Amino acid sequence: MAAGTNIALLEASERAERRRFLALPMPALLLTAVICIVPVGILFWVSFVGPEGFTLENYTRILENPGYLKILRTTFSISITITILAILLGFPLAYYISTLPDRAAAICLGLVLVPFWTSLLVRTYAWLVLLQRQGLINDFFLWLGVIDEPMRLAYNRFGTTIGMLHIVLPFFVLPMFAAIKSLDRDWLRAAANLGASPVRAFWTVLVPLTIPGLVAGALLVFVYSLGFYVTPEILGGGRVTMVAMKVQQNATIYADWGAASSLALILLIITLAIFFGIERVLRRQRGGGN
Amino acid sequence: MNSGSSKQGIWKFGAPAAAVVALLSGGALAADSLTIANYGGSYGEAMSKAIWQPTAAELGIEIKEDSLNSLADIRAQVTANAVQWDVGELTVDECAQGAREGLFEPLDYDVIKPRGYDQAALQPTYILDNTASYVVGWSTKKFGADGPQTWAEFWDVEKFPGTRGMRNSPAQNLEAALIADGVPLDKLYPLDVDRAFKKLEEIKPHIAVWWTSGAQSAQLVKDGEVDMIGIWSNRMQAVIDDGAEAQYTYQGGLLIPDCFFIPKGSTKVDLAMKAIAVAASPEIHANIAQYIPISPVSSEAFNTGKIPPERAKLLPASPENLKVQVWTDGDWWAEHGAEVQERWSNFIQE
């Protein structure tokens, strides 16, 4: 009897405690609800409402006009290119930093972070100074005599990709570095001890064990790239239209928010689908591994 | 168009009359205030010094200034029945759009008594005020004084090899393309959209930059990024005043005026009407040209003695320059803007 009462009491107190713990994240949850879920809900709502009530006009427009498909394609292909480049550049960098002594590693991470703390606009304009027709790079190569005509580096997709890559790179390097750093070095030593060359140890031990960090970093970079506005606007010279730019355009050329919110919503849905798709694959892999 | 004497008459009695009305309406004079809204920034500052402060002084009221981004701001206030601005200023296509949507109060031209304005400048719910022009500009470093003098020459890539820039918008560029294709200025509207886009396809490979903001266009000229450019005259003049090696011509320029209106539901319509009357009077209206290279649209403003002839030469709406340019048809753009804009964004992508 006494034991039964105790269990009931303990369970009650556990429930109470759980409720109290729930109160802790409440402010954050409420804030998220207010600044994220409510506006997205409103976006969803207005995209289906026209002057005469319910309408699919904002969605049929996107389906009927091939321009929108082109914009979505541009947005995703730029984001994928940037994600791949970020992995190719960021992985070796993160790995190299992780092998450095603490002091040197701190300095290197600082160097990764400094541009991260600089305004996005400033960095974008800095690239313009470097890449434009009479910019530093063209001037230098013209002076060397390597080229006779300035190269078109800015105001196109090339310039946009470089500018965006520079901005997103820290978002890949940091989680990647954390993943590599938290890896138990004994695994690598064990591999060496068993006769694996450093290259083999890298591919068969380090890479598989740091995949979660790589995916986290790559997803961060990819999703962040999808929403770019300022950099393609400035470095694209009008040739590169990404979804965010079209959203802004639609908000001004049509008399209502619906035309803009439908496009924003489509981007959000595709992004979420990709996000959950990747997560699903990862989870299955991890499950299979056990 | 009005005689000089009536001009004097109004302005002798206008201010005291306003003061009397203000007193009769009950409030203390100091309590009378208006809020105006325009694009702000350096333009807003110039408008404040040139137009709104003198207007406030003339009427003996306080004028507060706010800034807006587009017609959407007006629409939001009017539809929410929460109008905070008594006088607004936007570009002509947005004014025409606002008028179509019924977002403005009707203007009373018996109160405003406009002088020197074209009939087209005086719309039922808005009145044109200042104007800039979309013109052909070129680098004098590259071409000296002999840059492209018309849109047709701007399109002539053999006679004028080099990089080009244009505004990333169908507005003004469709007109420019049609003028380049030989359409006379007075036959421009309604625009032949297909013909314009066909002509634009020709120049597209030679456009290095499609600029999106006035500031960006100025930077392109300053940095020598483009050898030729379709650009707003006020930006070009400012950059030349700043020492850039560039020149431009008003030949075939597209005049893009701003306009004043009273948002529907303003609680101070009568006072706002009087403020517009003062702001649009040639004497005050002429002030703007002293601050920025923007042109008053009233021809009488050029007769006030406030605009020296050498300054007038640089202004888009001076009687001399007007002869070789054409006014943007705001109504056409209000009607076709969205559809043409969609076509433009398909055209511009590679």
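Parameters at a glance
Residues numbered from 1 in each chain as written. Chains lettered and ligands numbered in written order. Predicted model: local features only at pLDDT ≥ 70, side-chain atom pairs only at ≥ 80, totals over all residues. Helix = DSSP H or I, 4+ residues; strand = E, 2+ residues; numbered from the N terminus. Rg over C-alpha atoms; globule rule 2.2 N^0.38 Å. Buried ≥ 20, exposed ≤ 12 C-beta atoms within 10 Å, placed from the backbone. Contact = placed C-beta atoms within 7 Å. Arc of directions from axis to C-beta. Axes fitted to C-alpha atoms, helices over the stretch in contact; angles between N-to-C directions. Parallel < 35°, antiparallel > 145°, perpendicular 65-115°, else oblique. Left-handed = near helix turned anticlockwise from the far one by under 90°. Nonpolar A, V, L, I, M, F, W, Y, C, P; charged D, E, K, R; others polar. Core = buried A, V, L, I, M, F, W, Y, C linked by C-beta atoms within 7 Å. Domains from an automatic or database assignment. Pairing = 2+ DSSP bridges. pLDDT = per-residue confidence, 0-100.

Colleague: Before we go on, may I ask you to explain the overall build of chain B in this structure?
Modeller: What chain B contains, in helices and strands, is 17 helices and ten strands. The C-alpha atoms of chain B give 21 Å as radius of gyration, which agrees with the globular expectation for 350 residues (20 Å, within 12%). Structurally, chain B occupies a C-alpha span of about 70 × 45 × 35 Å along its principal axes. Every one of the 350 residues in chain B was classed for burial, and the buried ones make up 51%. Put simply, 71% of the contacts in chain B that link residues at least 6 apart link residues at least 24 apart.

Colleague: Looking at this structure, I do not really get the overall build of chain A. What am I missing?
Modeller: Broken down by element type, chain A carries 13 helices and two strands. Computed over its C-alpha atoms, the radius of gyration of chain A comes to 25 Å, more than 25% above the 19 Å expected for a compact globule of 290 residues. In terms of overall dimensions, chain A has a C-alpha envelope of 95 × 70 × 35 Å along the principal axes. Residues classed as buried in chain A amount to 29% of the 290 residues present. Residue pairs in contact within chain A that sit at least 24 positions apart in sequence constitute 73% of those at least 6 positions apart.

Colleague: Can you help me understand helix H3 (residues 71-79) of chain B in this one?
Modeller: For an α-helix the count is 3.6 residues per turn, leaving residues at separations of three or four pointing the same way. Residue and element names in this part refer to chain B. Along H3, the residues classified as buried are Leu71, Ile74 and Gln77. Buried positions in H3, seen along its axis, are confined to an arc of 125 degrees and lie on one side of it. Turned more than 90 degrees from where H3 packs its buried face, Ala76 and Thr79 sit exposed. At its buried positions, H3 is contacted by strand E3 (87-91) and helix H4 (92-101). In the stretch just after H3, Asn81 is the one whose phi turns positive, near 55 degrees.

Colleague: Honestly, the packing of H3(B) against H4(B) in this entry has me stumped. Any pointers?
Modeller: Two quantities define a packed helix pair, namely the angle between the axes and the distance from one axis to the other. All names here are of chain B. Axis separation between H3 and H4 bottoms out at 10 Å; the angle between their running directions is 25 degrees. Between H3 and H4, the crossing angle belongs to the class labelled roughly parallel. By crossing handedness, the relation of H3 to H4 is classed as right-handed. Facing Leu71, Ile74 and Arg75 of H3, the residues of H4 in contact are Glu94, Gln97, Gly98 and Glu101. For the contact of H3 with H4, the residue count by class is two nonpolar, two polar and three charged.

Colleague: Is there a simple way to think about the nonpolar core in this case?
Modeller: Nonpolar side chains in soluble globular proteins generally cluster together in the buried interior. Counting 112 residues, the largest nonpolar core has Val87(B), Ile127(B), Met236(B), Cys259(B), Ala275(B) and Ile276(B) as the members making the most contacts within it. The next biggest cluster of nonpolar side chains, apart from the first, holds 38 residues, and it includes Tyr68(A), Ile167(A), Phe172(A) and Ala218(A).

Colleague: Got a minute to help me understand the domain arrangement of chain A in this structure?
Modeller: By a widely used convention, the size of an interface equals the accessible area lost when the partners come together. Under the domain assignment used here, chain A contains domain 1 (1-46) and domain 2 (65-289). One C-alpha centre belongs to domain 1 of chain A, the other to domain 2 of chain A, and the line joining them spans 36 Å.

Colleague: Mind showing me how you'd approach the domain arrangement of chain B here?
Modeller: All names here are of chain B. According to the domain assignment, chain B contains domain 1 (4-131 + 258-322) and domain 2 (132-256 + 329-348). The interface of domain 1 with domain 2 comprises 15 residues on the first partner and 16 residues on the second. Sorting elements by how many residues they give to the side of domain 1 that touches domain 2 places H4 first, with six residues.

Colleague: Would you mind showing me how to read the environment of Asn38(B) here?
Modeller: Residue and element names in this part refer to chain B. Secondary-structure assignment places Asn38 in strand E1 (residues 33-38). With 25 C-beta atoms packed within 10 Å, Asn38 lands in the buried category. In this structure the C-alpha to C-alpha distance between Asn38 and Gly88, which are 50 residues apart in sequence, comes to 6.0 Å. Look past the residues within four positions of Asn38 in its chain and what remains in contact with it is Tyr43, Gly44, Met47, Ser67, Leu68 and Glu89.

Colleague: In this structure, what is going on with the interface of chain B and chain A? I would like to understand it.
Modeller: Contact with chain B, which involves 21 residues of that partner, is made by 19 residues of chain A. Contributing elements (two or more residues each) for the side of chain B that touches chain A: H3, strand E6 (207-211) and helix H17 (330-348) of chain B. In terms of residue count, the dominant contributor to the side of chain B that touches chain A is H17(B) (seven residues). Among the residues forming the side of chain B that touches chain A, the class breakdown is six nonpolar, ten polar and five charged.

Colleague: What am I meant to see in the pairing of E6(B) here?
Modeller: Two faces belong to every sheet, and in a regular strand the side chains alternate between them. Residues and elements named next belong to chain B. Extensive coverage of E6 is indicated by the burial of five of its five residues. Sheet topology places strand E5 (residues 164-167) next to E6; four bridges connect them, and they run parallel. What sits directly across from Gly165, in E6, is Val209.

Colleague: Would you mind showing me how to read the packing of helix H12 (residues 243-253) of chain A against H17(B) here?
Modeller: Two numbers describe how H12(A) lies on H17(B): the axes approach to 10 Å, and their chain directions differ by 160 degrees. Between H12(A) and H17(B), the angle falls in the class roughly antiparallel. Classified by chirality, the crossing of H17(B) by H12(A) is right-handed. Between H12(A), through Lys246(A), Gln249(A) and Ile253(A), and H17(B), the contact on the second element is made entirely by Gly337(B), Ala338(B), Gln341(B) and Ser345(B).

Colleague: Which parts of the structure should I look at to understand the confidence of the model for chain A?
Modeller: Fine structural detail should not be taken from predicted coordinates in areas where pLDDT scores are low. For chain A, mean pLDDT is 88; residues scoring 70 or higher make up 97% of the total. Mean pLDDT across the secondary structure elements of chain A bottoms out at strand E1 (residues 49-50) of chain A, with 82, and peaks at helix H4 (residues 66-99) of chain A, with 94.

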